[in-house]
Amino acid sequence: MTIKEIFDSMEYGPAPESASEALAWIASHGGRFGCFIDGAFTEPGETFATSNPATGEALAEVTQATQGDVDRAVAAARAAQPGWTGLGGHGRARVLYAIARLLQRQSRLFAVLETLDNGKPIRESRDIDIPLAQRHFYHHAGYAELMETELPGRAPLGVCGQVIPWNFPLLMLAWKVAPALAMGNTVVLKPAEYTSLTALLLADLCRQAGVPKGVVNIVTGDGAVGEMVVAAPVEKVAFTGSTAVGRRIREATAGTGKALTLELGGKSPYIVFEDADLDSAVEGLVDAIWFNQGQVCCAGSRLLVQEGVADTFHRKLRARMATLRIGDPLDKVIDIGAIVDPVQLATITRLVEASTEGERYVAPCPIPAKGSFYPPTLITGLSPASPLMQEEIFGPVLVGTTFRTPAEAVELANNTRYGLAATVWSENVNLALDIAPKLAAGVVWINGTNMFDAAAPFGGVRESGFGREGGWEGLAAYTRPAATPGAALNPVEPFTGEGQPLDALDRTHKLYIGGKQARPDGGYSRAVWGPSGALLGHASLANRKDLRNAVEAANAARSWGRTTGHARAQILYFLAENLSARAEEFARRIDGLTGQGGAEEVEASLRTLFRWAAWADKVDGRAAGAPFRGVALAMREPVGTIGVLCDDRAPLLGLVAAMAPAIAMGNRTVLVASEPYPLAATDFYQVLETSDVPGGVVNILTGSHKELAPVLASHLDIDAVWSFSSQPLARVIEAGSAGNLKRTWVETRARDWTRPDDRAFIDAATEVKTVWIPYGEG
Amino acid sequence: MQIDRAQTLAPAALHEPRNPGLPLDLDWVRRVQANTSAIERRAATLPGRRSVKKDWQAAWLCRAISVIDLTTLSGDDTEGRVRRLCAKARQPVSPEILETLGMTGLTVGAVCVYHDMVPAAVAALRGTDLPVAAVSTGFPAGLSPFHLRIQEIRESVAAGAREIDIVISRRHVLTGNWQALYDEMREMREACGEAHVKAILATGELGTLRNVARASLVCMMGGADFIKTSTGKESVNATLPVTLTMIRAIRDYHDATGIRVGYKPAGGISKAKDALNHLALVKDELGDRWLRPDLLRFGASSLLGDIERQLEHHVTGAYSASWRHALA
């Protein structure tokens, strides 16, 4: 083409980034890679090809790690861990800083290698992935430096097994490795089989950054290797990937005592209100669903547009789609690169072709004849029932519908099993800031999308997983309390007896559901005997239906989460007041049940109520210092409905100490009372009734922990389960929770309830929601 | 080939129907939104998304030249200075370089001067198709008596200016007096007669991008043929966010009326790279049709020098020096 012809046509020409340095690095390893274990590359074993999805050509051979490789990697990490922790925060900060600097100096090599291996446009790997990865190491060098003074009482977990996806290979590595290393852990990381190369390059670079041998180990291979890492003797498993695999990992780690964080799939809503800057909202979608070919867990993939502007918005959107450029990812003028693998391409195609609903618009962008490409696609006019509105497509396919009111927008947005991210476009600050807290999502972007930073926590709710990455909040996922844990919790057996009833008049101890005393559905009760064999009364035996009713009552009391902290504090103080008025009666009851310590337990319960009344209006969240003009608010929200199996040992304190933090933070509770000593809990109903606790906020059941635990754990409308039961229930609860991936906290140690452990309860009783609010006018 | 060149290289060869304007639609004006952060993000990522290399870069830079309103707006302008500028407008790049590029005959889009310099410019450009644009209406502040501003337009037209760059009363925007802005625009358009009118918004003085978007729309409703960012005298002139805001307004106006209004960023585009970024943004947001001199102008004085150096580099492979290129 002559210059004159281009002058007339004004086309974009080719602007290729050279692949030669990246290919030279691969060649320098002979085109074959072993694993990186104990500071050195192993000899390549059985290998598989990793390919450039834009061309289908093989780039290198990568080793399928064996069980022996994983064992050696874990052993190396184990051996290196004390030394790494012992290096101290400042020593680790220097190493993390060196990694960040090296990443920066080699940024183009990383970017090109990432694009070759993954198929993402060079613009994204160069301007987004690699800079964010650098930023993560810089930022966490700071946390390492500050750990000793700012996180007193926290210790590293030990060896962390980490399994990461192929959509942001280096960035997800940074999100996993940087916090783990900063807090003094060592890691065994498995990159995705499609995209191992940048992890291996980073391993290469770790040696230059002075990372001690064994601190970072990389094992490559497919899902089987991932399973080996999950099953290995590690203290922590961290996974980013699909919800299906996350669920399997939850089941596999159940009862093992391994800490677990999961960052899973999403079907994130992208809400456009009629007063939005529509052109900017259209452009936002380019960053939401056509970023990284839509292969983004938090992609704004579900478009919800207010009816009055829907036609205009869709017209503008289609026009914008037509100017997207799809093709060679190494070309600097490409917006959309290749789908990571033909297998993924086939999945996207199958999902889209299976649907005949709605209006489909496929952007008229020329598509390369060779390679794994999918055109930008918009499907409007779908109903929430359409599978495309519910299932994660993980490709450049946007689906949508319309809404009429803000309330309907929230309802549609939350009509999903996922809860990773959400985007809201409106020029009305009242509207935007009202909607953000109502969305079931771990991250909300207002008038923007897909904003990330090391200082701002990221993670999901519901089946998008649990745990946060980034910020101070993310560090909790890589530390544990430094204090030596208490003795193992041993099962507490109820007393038996044959004595006479103590009460002068027979009393019926029912269940407490929705603010009312209810008879057990099954019509069974159990005799409760004192230590000396006296008959103290009969406790109802709740069954699965009673539990179902209690959960329904709890979920009907949702508005509790919207009351002010001040109002919740008032009620907690009122509870203390009314308990205090009956202190002697409760002390006698406890003495009767357990034979000891009644007065002390009542006193400790009163202190606990005061303590959580104090906290109710003091969990503030924070504004994260993300480098942009705006605020990123890391807000603490209630988890929702929490089911608790209370401590068997302390009939009143065990109940109060779990209930108080939960309701102080705005949660509703279903409490299963101490199984051997249930009658203090049943006496407590009257205290609840006289203290203005709204019906449904606290529900109390009595009965068998072993029988109720699996029902609680598998209930899909409970958001968290805590167990302080003396029964060994960790496995059943953690495995059962995989259904809706609810948060679980199973205590296997004898907790001293008189020693405050507030931070643990605040963390368990709240979810961190990060709300990004860019601002500026002018 | 001769005909082809005449169509594509001569500035005024394509003719859009002029913008007749619309009745003032205040509902529409108030509906207009412009989210500053989002607009800035789009503008900030554009240079990373779009670049042109090699022959494409040379061709795009020639395109940039073809839409330049080569400008001198200084208190010390003289007829001699204006004649020199006009000579540069006719031959913006050395004939040898243009020959090598196959772009012989390339000119800038127009010459832009103060009213008093119009006759000199018209005389100097005689025999070409290059129009003379005059900044009228009490440029740059636009605060002289209204009747004098209107009279200035008429005199500039009478003196041979085929394009009139008017300045709007910023106070009408800042006080939300859209009716007054509309009426002013209407009257000025009327006074221009057959001459095309470019409305200078002085975006650096409008406070917000939202105001820029609304003022753009009102001026188009008032019949502006072009909307233009700046006088070049404000402290902030044509920026990518402002360009994005204004061209989106032009797009909305086109969607509603079918009328294409032109766009002129002015001031601040002094490097070849700035010009390429603006071309890419206009191409992606408005479409290729707006990349012609009848719908796009760059108000610039020093831009041409940088482009000349880039073009020589393209031809020779060696980096150039400014003194190798003829002064304006």
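Because the structure is predicted, anything quoted here is derived from the model rather than measured.

## Focus: the overall build of chain B
Of the regular secondary structure elements, chain B holds 14 helices and 8 strands. Computed over C-alpha atoms, the radius of gyration of chain B comes to 19 Å, within 12% of the 20 Å expected from 2.2 N^0.38 for 328 residues, which places it in the range of a compact globule. Counting only C-alpha atoms, chain B reaches 55 × 45 × 40 Å along its principal axes. When each of the 328 residues of chain B is scored for burial, the buried share is 58%.

## Some words on the UniProt feature "domain: Aldehyde dehydrogenase" (unreviewed entry) in chain A
Residues and elements named next belong to chain A. Annotation from UniProt places "domain: Aldehyde dehydrogenase" (unreviewed entry) at residues 46-480 and 533-749. As annotated, residues 46-480 comprises 44% helix and 18% strand, and the C-alpha atoms at either end are separated by 38 Å. Helix makes up 47% of residues 533-749 and strand makes up 18%, while its end C-alpha atoms are separated by 29 Å.

## Some points on the nonpolar core
Judged by nonpolar contacts, the single largest core of 290 residues is most densely connected at L96 and V188 of chain A together with V111, A121, V132 and I227 of chain B. Looking at this core, the element that brings in the most residues is helix α7 (residues 169-182) of chain A, giving 11 residues. Formed by 80 residues, the second largest nonpolar core is a distinct cluster that contains A576, I718, A720 and W753 of chain A.

## A few points about the domain arrangement of chain A
All names here are of chain A. With domains assigned, chain A is organised as domain 1 (28-240), domain 2 (268-459) and domain 3 (511-620 + 638-771). Taken together, the 20 residues of domain 1 in the interface contact 23 residues of domain 2. When residues of the side of domain 1 that touches domain 2 are traced back to their parent elements, those giving at least two are α5 (107-118) and α6 (122-150). Tallied by class, the residues present in the side of domain 1 that touches domain 2 amount to 7 nonpolar, 9 polar and 4 charged.

## Description of the packing of helix α8 (residues 146-158) of chain B against helix α10 (residues 178-192) of chain B
All names here are of chain B. Closest axis-to-axis distance for the α8/α10 pair is 8 Å, and the angle between their directions is 25°. Between α8 and α10, the interaxial angle falls into the category roughly parallel. As for how α8 packs across α10, the hand of that crossing is right-handed. In this structure, α8 contributes I150, I153, R154 and V157 to the contact, and α10 contributes E187, M188, A191 and C192.

## Focus on the UniProt feature "active site" (unreviewed entry) in chain A
Residues and elements named next belong to chain A. The UniProt entry lists E263 under the feature "active site" (unreviewed entry), expressed in the numbering used here. Looking at the element boundaries, E263 is found in strand β11 (residues 259-263). Since 28 C-beta atoms lie within 10 Å of it, E263 is described here as buried.

## Points about the confidence of the model for chain B
Residues and elements named next belong to chain B. Confidence in the prediction of chain B, expressed as mean pLDDT, is 95, and 96% of residues score 70 or more. Below a pLDDT of 50 lies the segment residues 1-13, which in the model reaches 19 contacts outside its immediate sequence neighbourhood of four places, other chains included. With pTM at 0.97, the complex prediction returns an ipTM value of 0.96.

## Concerning the sheet that holds strand β13 (residues 300-306) of chain A
Paired through backbone hydrogen bonds, the strands of a sheet run either parallel or antiparallel to each other. Residues and elements named next belong to chain A. Strand order in the open sheet formed by 10 strands is β14-β15-β16-β13-β12-β17-β18-β32-β26-β25, and the pairing between neighbours is mixed. Edge positions in the open sheet fall to β14 (359-362) and β25 (622-624), since each of these has one partner strand only. Ignoring strand direction, the axes of neighbouring strands in this sheet form an average angle of 20°.

Rules used throughout
- Residues numbered from 1 in each chain as written.
- Chains lettered and ligands numbered in written order.
- Predicted model: local features only at pLDDT ≥ 70, side-chain atom pairs only at ≥ 80, totals over all residues.
- Helix = DSSP H or I, 4+ residues; strand = E, 2+ residues; numbered from the N terminus.
- Rg over C-alpha atoms; globule rule 2.2 N^0.38 Å.
- Buried ≥ 20, exposed ≤ 12 C-beta atoms within 10 Å, placed from the backbone.
- UniProt positions renumbered as here; feature names shortened; annotations may be inferred.
- Core = buried A, V, L, I, M, F, W, Y, C linked by C-beta atoms within 7 Å.
- Domains from an automatic or database assignment.
- Contact = placed C-beta atoms within 7 Å.
- Nonpolar A, V, L, I, M, F, W, Y, C, P; charged D, E, K, R; others polar.
- Axes fitted to C-alpha atoms, helices over the stretch in contact; angles between N-to-C directions.
- Parallel < 35°, antiparallel > 145°, perpendicular 65-115°, else oblique.
- Left-handed = near helix turned anticlockwise from the far one by under 90°.
- pLDDT = per-residue confidence, 0-100.
- Pairing = 2+ DSSP bridges.

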